[in-house]
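Each chain, letter by letter, is given below.
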Amino acid sequence: MDRNGKPDAHKRAKLSEGAKNQLITGNEAVALGALRAGVRVVTGYPGTPSSGALGSLLQMDAEESRHFEWSTNEKIAFDIAAGTAWAGQRAMCTMKMSGLNVASDSVFSIAHSGVNGGLVIYVADDPGAHAGMVEQDSRGYARMMDLPMVEPMTVAEAYEMVILAFELSERIGSPVFVRSVTSIANSHAAVMVDEPVAPEDREPILERDIAKYTKAGSAIAQAQHHDVIRRLRQAGEAMREMGLNDLRLAHEPGGVGIISAGVVGAYLDEAFALLEDAVPQWRQPSVLRVRGTNPFPAEEARRLFARCDTIVVLEELEPHLERQAWVEARRSDFGGRIVGKLDGTFERVGEYGVGHVVRGVSEALGLEEPRAMERGAVYEKADRLTAARPITVCAGCPHRGTFLAINRALRQRKLHRDEVMVTGDIGCTILGMNPPFETVWNEVSMGASIGLAQGYVYSGLKTPVIATIGDSTFFHGGIPGLINAVQHQVDLTVIIMDNYWTAMTGMQTNPGTQATFQPSGNRRIDLAELIPAMGVEHFFVIDPFQLEEATTTVADALRLPGVKVVLARQECAIQAQRRGLRAGLVAVDAELCTACRRCITVTGCPSLSLDDETVSIDQGLCYGCSLCAQVCPFEAIEIKREGHP
Amino acid sequence: MTERSTGSTYDVVLVGVGGQGVLTIGRLMAEAALDADLGVNFYPTKGMAQRGGGVKVQVRIGRGIVGPQIPEGRADLVVAMERSEALKGVTCVRPGGEFLLYGHVWEPTQVMLGKADYPAEEQVRELILAAGARLRYLDPDGLHSCDGARMPANIYVLGAAVGGTDLGRVLDPEAVLDLVRRRWERHAALNEAAFGAGLEAMSHGP
């Protein structure tokens, strides 16, 4: 790699005359790389920080021979991509790290079978847990599945890595992971983007071979186990040939050697410049920038050990490279120190930056880490004085009405909120955990709310148990849970908050999105038809903007035996507002408003604020849901106009 | 000790609240840098909420290969669009760097209800200075209407940032304004007025 920002991968790619320098995100780079690689099918399920990859493809005009879709969940998405690749075509599947948990059952199996056409799995991890999920390191899956994994160091490399991953996949006949992290996936940087290449005109492969396409019996399964191990070894050889992992040995023997993973490699030079200023007789360390994180680049690592006294391993989250560095150190009789997570220098939590490189090298050199001087106290005070901004639902969000209806229904039933379990699920519906609602108790994984609720019912609780779940999450993983509850005739109430969109990840379509907004040729599946067909005897539909009726319906449902489903329906206000819709128009009557603040404390709506004498409504934010008017004890908020949401 | 920005590199942190248009002006800075053939990485981070949560944007200009995160205490410029969120910029700015504080106040609900504290302007100013930064204050009152329409605050702040700080030596203010004009052709006059008002506000000195 040269210092002007051109990764090695560029040397391989011959740019055509149509190549353009574009400011794009890491996710877009993945999408455009796949187009350049002639991908035919791209599937996925939305999940921060990965959503922008498939999301951007769906907004492009692509050749008719390509197919892109948001699938019902990650496993379905992967199965589709795998089927395409078995038939000999190039396919990619996109997901966040939690999605890989869902897809993993199929990924293991396909890993052992191998593929014919190129199959790339794009998975984006979230060190730092910006999106609030398990801080999970997908490299562990690559190790466990014996699948090759490549990781871009920069946004520009994300483009090249996807093209390379398709080549690698077809060369060794295996799915290949491209792993990214939030800071790459969501960063925008200049990338030389070349013209898309249409999918090759390949005759679909129909090959009858149970030894490859099934796991029928131990002879087949074990032969495939040998195959997957062999393919990973071939991947290692191919990566070495491609020069994927960049080894720069210092001229003088001895000194510090650094092994960095993915994005961390981009911080090294900046940290070295700082250290050069601070450390007398500074010597540039030897460096191994790892982009192929599975299999471990053992040969390059051994050359690094042979040159250096001390090794520093710099990788976010789990010490995957570090553990394998220990193995290679033992094999190569390296006797020096290895600085990393296993010796306690670094935590396994959070993102890395320049500071981590400085600390690691300082530790290796036995120096005091150059501190950020005496500013610690200032930083601490700034942190302490910052006002907290707990996240809540948007102005006009229909979930607000549903949370209020649940809370009121419990009060009507003379139940205290602290004695009724309301399980939560993934997506915007989880915001019911925060004030002012404090309705939802927990959050586990896609669709888990219903099974959890069933477990609480069996725990011996005397109070009703409620499960809450959003529409997309219900389609994704909630349906088996509901079927299970119906089959076992469990006394629980499931509240499905249907706003027609996969909202939290940025408004993707799902099976329940209104027919008008379904991608062309798609059919809508209406939850109001599906749920009764699942054997649910007590099924109700409520409008969360009609608080009284919604409350009564929930309270009534709680009295009934067996499985009750309440479908709370109203479109996501953000989406409706983008089309110029409003649920209505509300205004404060200054004469009647006593500034009791009840509207604010009960709804927590961001469009309400307290002026000198009265409450005021920010009409730019307000969607006119009128929940504030419905909770005002003085009828001081008028509903001026009903809208057509 | 005053640390100078090294060579032609320039690191900007923008902080504010989701809905203020912080991401938009960060993106415009990145585009201007790209147009000027400067290496750039633009990294926005926000929480789960669509609106009302804290937003942070990191723009790194003039580097080839660059990690997205600006090291603590090393930003050449912090642009804060909200008083309390400005405190998150205190840990970012380098000693001797500039801190553009737009004095807008966006109180979280708990503060509005008197259940939580909110920092006084004086406290924020004090901490910015204690971090060794040169404070440039931008008065929200300088934002007025233009032909009956409200000027966009983020473009006002962008005008102040390129017109009244060293960012203007890295990015040509005229080129940035041109980007703004081309981005929203229908609102070109309003945006130009906002941009100009920000520039003008800074010309009076700190």
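### A look at the overall build of chain B
Then comes step 1: The number of helices and strands found in chain B is eight helices and eight strands.
Then comes step 2: Over its C-alpha trace chain B gives a radius of gyration of 16 Å, about what one expects of a compact globule, namely 17 Å for 206 residues.
Then comes step 3: When each of the 206 residues of chain B is scored for burial, the buried share is 56%.
Then comes step 4: Pairs at least 24 apart in sequence give 68% of the contacts found in chain B among residues at least 6 apart.

### Observations regarding the nonpolar core
One recurring pattern in soluble globular proteins: nonpolar side chains tend to sit buried together.
Then comes step 1: Grouped together as the largest cluster of nonpolar side chains are 260 residues, with contacts concentrated most on A:Val162, A:Ile259, B:Leu100 and B:Val157.
Then comes step 2: Contacts of B:Val157, omitting those with residues within four sequence positions, involve B:Ile25, B:Val79, B:Met81, B:Tyr102, B:Leu138 and B:Gly198.

### Observations concerning the domain arrangement of chain A
Then comes step 1: Per the domain assignment, the segments making up chain A are domain 1 (9-242), domain 2 (246-373), domain 3 (398-578) and domain 4 (584-642).
Then comes step 2: Centre-to-centre separation of domain 1 of chain A and domain 4 of chain A, based on C-alpha positions: 50 Å.

### Some thoughts on the environment of A:Ile542
All names here are of chain A.
Then comes step 1: Checked against the element boundaries, Ile-542 lands in strand 18 (residues 538-542).
Then comes step 2: Considering only alpha carbons, one finds Ile-542 and Ala-503, 39 residues apart in sequence, at a separation of 20 Å.
Then comes step 3: If we skip the residues at most four places from it in the chain, Ile-542 touches Glu-549, Ala-550, Thr-553, Val-566 and Ala-568.

### Quick notes on the pairing of strand 17 (residues 492-498) of chain A
Residue and element names in this part refer to chain A.
Then comes step 1: Taking burial as the measure, the seven residues of strand 17 include seven buried ones, the bulk of the element.
Then comes step 2: Here strand 17 shows a buried face lined by Leu-492, Val-494, Ile-496 and Asp-498 and a second buried face lined by Thr-493, Ile-495 and Met-497.
Then comes step 3: Pairing of strand 16 (residues 465-470) with strand 17, which is carried by five bridges, proceeds in the parallel orientation. Considered in strand 17, the bridge of Gly-470 is made with Met-497.

### With respect to unusual backbone geometry
Residue and element names in this part refer to chain A.
Then comes step 1: With an omega of -5°, the peptide bond running from Asn-294 to Pro-295 counts as cis.
Then comes step 2: By secondary structure assignment, the location of Pro-295 is in the loop between strand 12 (292-294) and helix 12 (298-307).
Then comes step 3: That bond from Pro-435 to Pro-436 is cis: its omega, 5°, falls within 30 degrees of zero.
Then comes step 4: Within the secondary structure, Pro-436 sits in the loop between strand 15 (421-423) and helix 17 (448-458).
Then comes step 5: With a phi angle near 60°, Lys-414 is a residue other than glycine that sits in the positive phi range.
Then comes step 6: On the secondary structure map, Lys-414 appears in the loop between helix 16 (398-412) and strand 15.

Thresholds, definitions, all that
Residues numbered from 1 in each chain as written. Chains lettered and ligands numbered in written order. Predicted model: local features only at pLDDT ≥ 70, side-chain atom pairs only at ≥ 80, totals over all residues. Helix = DSSP H or I, 4+ residues; strand = E, 2+ residues; numbered from the N terminus. Rg over C-alpha atoms; globule rule 2.2 N^0.38 Å. Buried ≥ 20, exposed ≤ 12 C-beta atoms within 10 Å, placed from the backbone. Contact = placed C-beta atoms within 7 Å. Core = buried A, V, L, I, M, F, W, Y, C linked by C-beta atoms within 7 Å. Domains from an automatic or database assignment. Pairing = 2+ DSSP bridges.

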